[in-house]
Amino acid sequence: MEDNLIDIVNKSIEYLKKNKINNPRLIVESIITDVLKINKLDIYTNYDRKLNDLEKNEIRKKLKEYNGENLEIKPNTVKEYFEKTKIYLDKKGIPESNMITNIIFSKVLDTDMSLLFTKYSSIVNEEAKEKIKSILKKLVELRLPIQYIFNEQIFYGHTFYVDKNVLIPRLDTETVVEKALELILRKNNPIVLDIGTGSGAIGITIAIENSESKVLATDISENALTVSKKNAQILDVRNIKFLKSNLFENIEYRNFDLIVSNPPYISNGEQEYMSLDTVHEPELALFAENEGLYFYYEIASEAINYLNNEGYLLFEIGFKQGLKVKEIMENYGFKDVNIGKDLTGNDRYVYGIKKGN
């Protein structure tokens, strides 16, 4: 290996290719980010970085662990199990393998993730081995998301119960919640409608973070409402109510300060391009007709009749839908319509205000 980082990347990829290892670039990036404690972008922005012998030897060691077919987990220490599990997930093409491995071991060993290193020298007992193998089987063979395996997802610092009846709350949606909280910040005792609440992540988080608010969360799915009600109970949130409703069908109140929705927005034609992990999530919450725009038309056309003057409509969107959703909202009378971005720089939400005549 040369000392130059980009040379090491390229040679490492070629090494794995010669050994017929799948996803060689992904694996190499994972190894190097782990060894050098950097993110993936840093690999390419610091391509001329010189590595010391210790770093190069550690990269060589991890590369060799991918050589050969026997990646079965064998009895050993927690650290060795951890590393072999991550390698196995990488080889099987499971994304975010490091995060998932941390979750698995923190759960199985009943240890906070930040303290896992204190268990590294311990021997994994037989019960833990069987649990790990069972989890890996669900992840790899069934492609079951880790959140459904453990029935939880962290969202905005709160732990939500999730199962196959609801979408798994995504990090990107936290930026929608931040915008919602900003929009109602100056309103006294704001009243919020969350349409298509699913797990309740958006509505419940707004209720928690703005204790003066009152939130009505709706969904067409009774099963989803069971989950969201459970989360409100777990998190002891009392300023939120739930209602089964197909959009505005059963909603009588018409003086909301904010209507927020993360509706199904994936086009039916895009189903074949979806990640394998999403096959376990409810289609009702994922896909929409009219190139994924159906619910934006349906909600925007009615929302203005359910808002106070100076009330807001806020949508989460797909990253290619910003301009179209902006146009839809403007056509239905919303003013000062803006597009907001998530932490990755993609368009993530659109919001506008109802202004009186």
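Conventions adopted
Residues numbered from 1 in each chain as written. Predicted model: local features only at pLDDT ≥ 70, side-chain atom pairs only at ≥ 80, totals over all residues. Heavy atoms only, no water. Axes fitted to C-alpha atoms, helices over the stretch in contact; angles between N-to-C directions. Helix = DSSP H or I, 4+ residues; strand = E, 2+ residues; numbered from the N terminus. Left-handed = near helix turned anticlockwise from the far one by under 90°. Contact = heavy atoms within 4.5 Å. Nonpolar A, V, L, I, M, F, W, Y, C, P; charged D, E, K, R; others polar. Pairing = 2+ DSSP bridges. Salt bridge = Lys/Arg side-chain N within 4 Å of Asp/Glu carboxyl O. Buried < 20%, exposed > 50% of the residue type's maximum accessible area, 1.4 Å probe, protein only. Right-handed = clockwise from strand over helix to strand, strands pointing away.

Participant: Quick one: what's the story with the packing of helix H6 (residues 97-108) against helix H7 (residues 126-140), residue by residue and with numbers?
Facilitator: Running from N to C, H6 and H7 point in directions that differ by 145°, and their axes come no closer than 10 Å. Every pair of crossing elements has a handedness; the one defined by H6 and H7 is right-handed. Facing Ile-100, Ile-104, Phe-105 and Val-108 of H6, the residues of H7 in contact are Ala-128, Lys-131, Ile-132, Ile-135, Leu-136 and Leu-139. The class makeup of the residues in the contact of H6 with H7 is nine nonpolar, no polar and one charged.

Participant: How would you sum up the sheet that holds strand S6 (residues 256-261)? Please name residues and give values.
Facilitator: Taken together, seven strands build an open sheet; the order of strands is S5-S4-S3-S6-S9-S11-S10 and the sheet is mixed. In this open sheet, the two strands that pair with only one neighbour each are strand S5 (240-244) and strand S10 (335-341). Along the sheet, successive strands turn relative to each other by an average axial angle of 15°, direction set aside. Where helix H10 (residues 201-209) meets the sheet, it contacts strand S3 (191-195), strand S4 (214-219), S5 and S6, and its direction lies at approximately 160° from that of S5. The sheet strands contacting helix H11 (residues 222-234) are S4 and S5, and the helix crosses S5 at an angle near 170°.

Participant: Requested: an account of the pattern of salt bridges, with residues and values cited.
Facilitator: Under the definition given, this model contains 19 salt bridges. Here Asp-336 ties to Lys-355 by a salt bridge, and the two come within 2.7 Å at their closest N and O atoms. With Asp-336 in strand S10 and Lys-355 in the segment after strand S11 (347-353), this residue pair connects regions lying 19 residues apart in the sequence. Overall, Asp-336 belongs to the partly exposed group, its relative accessible area being 47%.

Participant: Any details on the pairing of S5? Residues and values, ideally.
Facilitator: When a strand is regular, its side chains alternate between the sheet's two faces. Here five bridges tie S4 to S5, and the two strands are oriented parallel to one another. The residue of S5 that forms the bridge with Leu-216 is Lys-241. Crossover connection from S4 via H11 to parallel S5: handedness right-handed.

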